[in-house]
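# Observations on the three-dimensional arrangement
This is what each chain is made of:
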Amino acid sequence: MMLPFTEENLEEVHRHALQEYPYECCGIIAGTPGNNEDNRLYRCTNIQNELHQKDPGTFVRDARTAFYIDPRELMSIFKEARNGGRVVKVFYHSHPEHDAYFSEEDRRMALFDNEPTYPEVCYLVVSVYDRKVAGQALFAWNASTQSFEKLNSESLHL
Ligand SMILES: [Zn+2]
């Protein structure tokens, strides 16, 4: 399959993941489907630590094992992407000190009423151990199995 991002995009995701370590980074890649030439990467702010501090009962995890994007930031990125003729292709985030799997929490966040909120968007998860990128995996919604499945791609070095 053709990846929805360039090698350069992936390197930028790695830089972001290392900068946010030991916390999770999160962001968006938008562009034209089937063409990565005009891809644009948006770093998002992970506000999970703030939420956890204000309301630890609801936001049990801190930003080491969770991320949360302010809906206003999300909407403004969506709007900017749309105004530039781009669609959202990838949501990315990192897993500090954990492998690049699609966690139960990731699944819960990506679903609304058991349906994927963004069925056409891929999810890129980058694993970071000890301040080094240890690997990554890309996940997409599979309508026939009704689950997020890992996409196999040689260019992701999996
Ligand atoms: Zn995750």
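Below you will find a few notes about this structure. Because the structure is a prediction, the values reported are computed rather than measured. (Residues numbered from 1 in each chain as written. Predicted model: local features only at pLDDT ≥ 70, side-chain atom pairs only at ≥ 80, totals over all residues. Heavy atoms only, no water.)

### Focus: the packing of aromatic side chains
The line we're drawing: Only rings of Phe, Tyr and Trp enter the pairing, Trp through its six-membered ring, and a pair is recorded when the two centres are within 6.5 Å. The plane angle decides the type: under 30 degrees is stacked, over 60 is edge-to-face, the rest tilted. Put simply, DSSP H or I for four residues or longer makes a helix, DSSP E for two residues or longer makes a strand, and each gets a number counted from the N terminus. Each residue is placed in one exposure class: buried if its accessible area under a 1.4 Å probe, protein chains only, is under 20% of its type's maximum, exposed if it is over 50%, and partly exposed if it falls in between.
Here the structure, examined in full by the defined rule, presents 10 aromatic pairs. Residues Phe-102 and Tyr-123 carry aromatic rings whose centres are separated by 5.4 Å and whose planes lie at 65° to one another, so their mutual orientation is edge-to-face. Here Phe-102 is found in the loop between β3 (87-96) and α4 (104-110), whereas its partner Tyr-123 is found in strand β6 (residues 122-129), with 21 residues between them in sequence. Neither residue differs from the other here; Phe-102 and Tyr-123 are each classed as buried. Aromatic pair Trp-141 and Phe-148: ring centres 5.0 Å apart, planes at 65°, arrangement edge-to-face. Among the aromatic residues, ring-to-ring pairing joins Phe-78, Phe-91, Phe-102, Tyr-118, Tyr-123, Phe-139, Trp-141 and Phe-148 into one connected group.

### A short note on the layout of surface pockets
To be explicit about the condition: The rule is simple: put a 1 Å grid over the protein atoms alone, call a set of points where a 1.4 Å probe fits but cannot get out a cavity, call an open set with protein on both sides within 12 Å along at least five of seven lines a pocket, and count a residue as lining if it has an atom within 4 Å of a point. Grid points are joined across faces, edges and corners, and a volume is the space filled by probe spheres set on the points.
Approximately 430 Å³ is the volume attributed to the largest pocket. Lining the largest pocket are 18 residues, and of these Phe-67, Leu-74, Met-109, Ala-110 and Tyr-118 lie nearest its centre. Secondary structure elements with two or more residues in the lining of the largest pocket: α3 (71-83), β3, α4 and β4 (111-112). Among the elements that line the lining of the largest pocket, the one with the most residues is α4, at 4 residues. Taken as a whole, the second largest pocket spans an internal volume of roughly 190 Å³.

### Details of the nonpolar core
Let me state the cut-off plainly: The set of buried Ala, Val, Leu, Ile, Met, Phe, Trp, Tyr and Cys residues whose side-chain atoms join them within 4.5 Å is what this entry labels a nonpolar core. Any pair of residues with heavy atoms lying within 4.5 Å of one another is described as a contacting pair.
Among the nonpolar cores identified, the biggest contains 24 residues, and Ile-28, Phe-91, Phe-102, Tyr-123 and Phe-148 are the most heavily contacted of them. Among the elements of the structure, β1 (26-32), β2 (35-44), α3, β3, β6 and β7 (132-142) are those that each provide at least two residues to this core. No other element matches α3, which puts 4 residues into this core. Once residues lying within four places of it in the same chain are set aside, the contact partners of Ile-28 are Arg-40, Leu-41, Tyr-42, Cys-44, Leu-74, Ile-77, Phe-78, Val-88, Val-90, Phe-91 and Tyr-92. One finds Phe-5, Ile-29, Val-90 and Val-126 within the second-largest nonpolar core, a separate group that totals 17 residues.

### Overview of the coordination of the zinc ion
Test applied: Think of the donor list as every N, O and S atom within 2.8 Å of the metal, or within 3.2 Å for Na, K and Ca; water never makes the list, so a site can look incomplete. Site shape is set this way: if four donors have all angles between 85 and 135 degrees, tetrahedral; if opposite donors are over 155 degrees apart and all others between 65 and 115, square planar for four donors and octahedral for six; otherwise irregular.
At the metal site, the zinc ion is ligated by His-93 (NE2), His-95 (NE2), Asp-106 (OD) and Asp-106 (OD), and these contacts range over 2.0 to 2.4 Å. Viewed at the metal, the 4 donor atoms of the zinc ion are separated by angles of 58 to 163°, and the geometry they form is irregular. Assessed through its relative accessible area of 5%, His-95 is described here as buried. For Asp-106, a relative accessible area of 7% corresponds to the buried category.

### Describing the pairing of strand β8 (residues 147-151)
It is a general feature of regular strands that their side chains alternate between the two faces of the sheet. Basically, it comes down to this: Only strands that DSSP links by at least two bridges are regarded as paired with each other.
The sheet contact formed by β7 and β8 spans 5 bridges and is antiparallel. By the bridge assignment for β8, Ala-140 is matched with Glu-149. Hairpin geometry of β7 and β8 is characterised by an intervening segment of 4 residues between the two adjacent antiparallel strands and by a positive phi of about 55° at Gln-146.

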